[in-house]
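Coordinate inspection notes
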Amino acid sequence: MKPWRAAVLALCWPAAAGAAEHRVVIDGMAFTPRVVQARPGDTILWTNKDLFVHNVSADKGSMQSGELQTGQTWRYTVRAGPSMDYHCTLHPTMTARIEVAASPKGK
Ligand SMILES: [Cu+2]
């Protein structure tokens, strides 16, 4: 499958019922939006639109994307637990946060 087709499929793939998908763009050496408010079971999709390789790494190590080249995406399913600060290990000024609500939607 051509890479762009995989990207289109990833963008169109429906999230599990009741769960939301949040999108974070990596561009201009920053994560946008910088804070995502999510519930357990939600997914977050990062897309690297920058010219440089970046990664998504939880400050406490519980989440690690590996290298994201330009155009690559990475998806993470939010787990119940404390809110999570993350950063790019290659560029320490790139910091952001996932604020995790206490319970899944409707519970
Ligand atoms: Cu980076």
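Structure: see above.
Residues numbered from 1 in each chain as written. Predicted model: local features only at pLDDT ≥ 70, side-chain atom pairs only at ≥ 80, totals over all residues.

**Focus: the pairing of strand 6 (residues 73–77)**
Here is the rule we go by: Any residue surrounded by 20 or more other C-beta atoms within 10 Å of its C-beta is treated as buried, while 12 or fewer makes it exposed and the intermediate range makes it partly exposed; C-beta atoms here are placed from the backbone. The numbering of helices and of strands both runs from the N terminus, where a helix is a DSSP run of H or I of at least 4 residues and a strand a run of E of at least 2. Two strands qualify as a pair provided DSSP detects at least 2 bridges between them.
Side chains W74 and Y76 of strand 6 all project onto a buried face; the interleaved residues T73, R75 and T77 project onto a face where none is buried. Pairing geometry for strand 4 (residues 43–48) and strand 6, over five bridges, is antiparallel. Paired with T43 across the strands is T77, a residue of strand 6.

**Quick word on unusual backbone geometry**
Cis geometry marks the peptide bond from T32 to P33, where omega comes out at -5 degrees. Mapped onto the secondary structure, P33 falls in the loop between strand 2 (30–32) and strand 3 (35–38). The backbone of M29 sits at a positive phi, close to 60 degrees, despite the residue not being glycine. Relative to the helices and strands, M29 resides in the loop between strand 1 (21–27) and strand 2. The exposure class assigned to M29 is partly exposed, which follows from the 14 C-beta atoms found within 10 Å.

**Details of the sheet that holds strand 1**
For clarity, the cut-off: To get an axis, fit a line to the C-alpha atoms, keeping to the stretch in contact for a helix; angles then go from 0 to 180 degrees between the N-to-C directions.
Pairing is mixed in the open sheet, where four strands are placed in the order 2-1-4-6. Whereas interior strands pair on both sides, the edge strands pair on one side only; in this sheet they are strand 2 and strand 6. Averaged over all adjacent pairs, the angle separating strand axes in this sheet is 20 degrees, with direction ignored.

**Let's talk about the pairing of strand 7 (residues 84–88)**
Side chains M84, Y86 and C88 of strand 7 all project onto a buried face; the interleaved residues D85 and H87 project onto a face where none is buried. Pairing of strand 5 (residues 57–58) with strand 7 involves two bridges; the strand directions are antiparallel. Following the sheet pairing, S57 is matched in strand 7 by H87. By the bridge criterion, five bridges tie strand 7 to strand 8 (residues 91–100) in an arrangement that is antiparallel.

**Regarding the environment of I26**
The following threshold applies: C-beta atoms are first placed from the backbone for all residues, and any pair lying within 7 Å is then listed as a contact.
One can find I26 in strand 1. C-beta crowding within 10 Å serves as the criterion here: with 26 such atoms nearby, I26 is assigned to the buried category. Taking the C-alpha atoms as reference points, I26 and W46, 20 residues apart in sequence, are found 6.9 Å from one another. Ignoring anything within four residues of it in the chain, the contact list for I26 reads F31, W46, T47, N48, K49, D50, H54 and L68.

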